[in-house]
Amino acid sequence: MTQPGLRLQRFFKGAFLECRSKPLVSIFLMALFLVAGPSAFAAIAQGGDGSPGYTFVDVFFAFITLSFLVLVGRWIRQHVGVLQALFLPSSIVAGVVALLLGPGVLGGIVSAIAGEGSLLANGLFPQPILAVWSAIPGVFINIVFATIFLGEFIPPPSEIWRRASPQVAFGQSIAWGQYVVGLLLAMLVLGPVFGLPPVSGALIEIGFEGGHGTAAGMAEVFEEVGFEAGPDLAVGMATVGIVTGIIAGVALSNWGRHRGHTVASRQAIDDIPADAQERLPVEEEDPETTEKRRRHLSSLLVDPLSLQFGFVGVAIAIGWVILELLVLIESLTWNRGGTGFEVLGGIPLFPMALVGGIIVQLLLKRLNKQYLISRQLMVRIGGVALDATIVAALASISLAIIARNFGAFAVLAIAGITWNVLFFIYFAPRMIPRAWFERGIGDMGQSMGVTATGILLMRMVDPDDRTGAFESFGYKQLFFEPIVGGGLFTGAAPVLINRFGPLAILLLTGGLLAFWIIFGLWNYKKISQATAIESQRETVRVRQ
């Protein structure tokens, strides 16, 4: 054998031994193949003919412009008291600024005055930049969902369920109820009166429970089912949800305090940081974990942030593999030859990226390498990706589409808000045994905006976490996010409605709503009885 051949053989032998002795190395190599392999094969297959209509320079300047808009949005928010009072994130302000300066508003005004071919007929942004922005949400939302559980401590399911089961039941009930309300409106009002397709019944859950990121990430799914107005209406619903969520939450906080429903003293709104909705709370890391990571990284020539990006890539790659396997199974079974019905093929990647993140976190814990992930950096990565998603999604909204469907849009928004508020007032005290107001208002806030809205409202009524609401809320997410609020069912809902019809999905979601309400009421009674028995035993011990 030639000398180069011997060197090649030794290289592969050494790589094999390294992978056997260090499982983490094999994980990274597998991830590299999963990420780079499909891209490389796709590039070879396209042969360079699949141009998206913009260059890499356009992408570069699109992100520079987007970053500048975030700074502008931050400056406007700091100087406009109303925006601070509403606790609106700077990304939403920046997205609205981009929308006003784009072709929908500024461009439309200039075109009406000076004609289609005038200088600012397309607004301040050239078409390639707008094309890049329209593609950002569908890509960056995968990063957002991949980071949700990376670096989080995931206790045993039994422990999670013991602490969070009342809020799981309450949160699931709100989410499935949004489908029930939306589908009923789609069948009785939106279709007959406004001419919208049945898929419009999913808009409340996607916009309210899912938020801007989910609404923007569902654009391709809406297009696949033929609902072209869906992406714009969903992002519009998310905007209405986050604003009304804050307004309704503040009003309910005052109501709960005056009626004596709060356990903890309410924090004055003036004492809450103005950027409270932009800074998600992150638990302090164990110093031992930090030191382990520091020692490990000292031997690697890699920036800590780059390492975290690597784990995000692994999570997304695992999610992609899971999704491809599901699509393959579907093509070999009920959709053999493309003649059956397709459901899994219409699910977007981001719910699977969330599952991939859970798998990576559990795998690292099994290998005793969980210290490699920094939760603080993961929150920052997800935050940047979410900001980019929100700004790009709002900048790409077609106001003309929302204006044409304003009646249906208003009906959905009012119905969704009414359902969330009334369900909270009536069922929270009947499903959550202890500190129902503090715990329930977090779920109500999340169901009308984003997770940060729920956390913000909990800060208002329980600033020192005397009730344990923050912990229960976090544990609830493990049983919540993978399914609704951007989870598997959220991604599949438009496809399911389009395939099986609104009545079948209404029966399914109605059944799930009934199940969670019944379980929540029963669980409340069970926990209350157990608490009463424990209290009696404690009283007996004290007397003895």
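Details of the structure are given in the entry above.
This is a predicted model, so every value here is computed, not measured. (Residues numbered from 1 in each chain as written. Predicted model: local features only at pLDDT ≥ 70, side-chain atom pairs only at ≥ 80, totals over all residues. Heavy atoms only, no water.)

### Considering the overall build of the protein chain
- A tally of regular secondary structure across the protein chain gives 23 helices and 0 strands.
- Across the protein chain, every contact between residues at least 6 apart in sequence was considered, and the portion connecting residues at least 24 apart equals 80%. (Helix = DSSP H or I, 4+ residues; strand = E, 2+ residues; numbered from the N terminus. Contact = heavy atoms within 4.5 Å.)

### Side note on the nonpolar core
- The biggest cluster of nonpolar side chains holds 143 residues, and the ones touching the most others in it are Trp133, Phe170, Phe227, Phe424 and Ile441.
- Here this core takes 15 residues from helix α8 (residues 157-194), the largest share from any one element.
- Not counting residues up to four positions away in its chain, the partners in contact with Phe170 are Phe423, Phe424, Phe427, Ala428, Met431, Ile432, Gly440 and Asp443. (Core = buried A, V, L, I, M, F, W, Y, C linked by side-chain atoms within 4.5 Å. Buried < 20%, exposed > 50% of the residue type's maximum accessible area, 1.4 Å probe, protein only.)

### Focus on unusual backbone geometry
- Within the chain, Asn368 stands out as a residue other than glycine whose phi angle is a positive 60°.
- The topology assignment puts Asn368 in the loop between α15 (350-366) and α16 (375-395).
- Backbone geometry at Ala435 places phi at a positive 55°, although glycine is not the residue there.
- Among the secondary structure elements, Ala435 is positioned in the loop between α18 (406-431) and α19 (436-446).

### Regarding the packing of aromatic side chains
- In this structure the tally under the stated criterion is 21 aromatic pairs.
- Seen from their ring centres, Trp161 and Phe519 are 5.6 Å apart, and the 40° between their planes marks the pair as tilted. Within this pair, whereas Trp161 is found in helix α8, its partner Phe519 is found in helix α23 (residues 502-543), the two being separated by 358 residues in sequence.
- A relative accessible area of 28% means that Trp161 is categorised as partly exposed.
- For Phe519, a relative accessible area of 14% translates into the label buried.
- Ring geometry for Tyr179 and Phe489: centres 5.2 Å apart, planes at 80°, overall edge-to-face. Taken together, the residues Tyr179 in helix α8 and Phe489 in helix α22 (residues 488-500) connect sequence positions 310 residues apart. (Phe/Tyr/Trp six-rings, centres within 6.5 Å; stacked < 30°, edge-to-face > 60°.)

### A short note on helix α14 (residues 304-332)
- For α14, spanning 29 residues, the distance from its first C-alpha to its last is 43 Å, which sits close to the expected 42 Å at 1.5 Å a residue.
- Turning to α14, its buried residues number three or more, namely Leu307, Gln308, Phe311, Val312, Val314, Ala315, Ile316, Ala317, Ile318, Gly319, Leu323 and Glu330. (Expected span 1.5 Å × (residues − 1).)

### Quick notes on a nonpolar patch on the surface
- Residues Phe56, Val57, Phe60, Phe61 and Ile64 make up a contiguous nonpolar surface patch of about 540 Å² in total accessible area.
- Among the secondary structure elements, Phe60 is positioned in helix α3 (residues 56-79).
- When its relative accessible area of 45% is taken as the criterion, Phe60 is described as partly exposed. (Patch = residues over 30% accessible without salt bridge, like charges linked within 9 Å, V, L, I, M, F, W, Y side chains within 5 Å. Areas by Shrake-Rupley, 256 points an atom, 1.4 Å probe, with all protein chains shown as cover. Salt bridge = Lys/Arg side-chain N within 4 Å of Asp/Glu carboxyl O.)

### What to know about the side chain of Ser91
- Position of Ser91 among the secondary structure elements: in helix α5 (residues 90-101).
- For Ser91, a relative accessible area of 3% gives the class buried.
- Polar contacts involving the side chain of Ser91 include one to the side chain of Asp387, which spans 3.4 Å. (Polar contact = N/O pair within 3.5 Å; in protein donor to acceptor, adjacent residues only side chain to side chain.)

### Re the environment of Leu203
- Mapped onto the fold, Leu203 is located in helix α9 (residues 203-209).
- When residues no more than four places from it in sequence are discounted, the contact partners of Leu203 are Phe208, Phe222, Phe227, Gly230, Leu233, Ala234, Met237 and Leu412.

### Details of a negative patch on the surface
- Side chains of Glu220, Glu223, Glu224 and Glu228 sit close together on the surface and give a patch of like negative charge.
- In this fold, Glu224 is placed in helix α11 (residues 219-224).
- For Glu224, a relative accessible area of 56% translates into the label exposed. (Lys, Arg positive; Asp, Glu negative; His and termini not counted. Charge placed at Lys NZ, Arg CZ, Asp CG, Glu CD.)

### Points about the packing of α3 against helix α7 (residues 127-146)
- Packing of α3 against α7 leaves a shortest axis separation of 9 Å and a crossing angle of 80°. Classified by the interaxial angle, the pair formed by α3 and α7 is roughly perpendicular. Residue-level inspection shows Asp58, Val59, Phe61, Ala62, Phe63, Thr65, Leu66 and Leu69 of α3 in contact with α7, the latter providing Pro128, Ile129, Val132, Trp133, Ile136 and Phe140.
- Classifying every residue of the contact of α3 with α7 gives 12 nonpolar, 1 polar and 1 charged. (Axes fitted to C-alpha atoms, helices over the stretch in contact; angles between N-to-C directions. Parallel < 35°, antiparallel > 145°, perpendicular 65-115°, else oblique. Nonpolar A, V, L, I, M, F, W, Y, C, P; charged D, E, K, R; others polar.)

### Details of α3
- Compared with the 34 Å implied by 1.5 Å per residue over 24 residues, the 35 Å span of α3 between its first and last C-alpha is a close match.
- Asp58, Ala62, Thr65, Leu66, Leu69, Gly73 and Arg77 are the residues of α3 that are buried.
- Looking at the packing, one finds that the buried side of α3 touches α4 (81-85), α5, α7 and α16.

### Some thoughts on the environment of Gly313
- Looking at the element boundaries, Gly313 is found in helix α14.
- Each C-alpha atom of the pair Gly313 and Ala146 lies 8.4 Å from the other, and the pair is 167 residues apart in sequence.

### Some points on the packing of α18 against α19
- For the pair α18 and α19, the least separation of the axes is 10 Å and the interaxial angle reads 150°. Taken together, the axes of α18 and α19 are roughly antiparallel relative to one another. When the axes of α18 and α19 are compared, the crossing they make is right-handed. Across the interface between the two elements, Asn420, Phe424, Ala428 and Pro429 of α18 pack against Trp436, Phe437, Gly440, Ile441 and Met444 of α19.
- Looking at the contact of α18 with α19, its residues break down into 7 nonpolar, 2 polar and no charged. (Left-handed = near helix turned anticlockwise from the far one by under 90°.)

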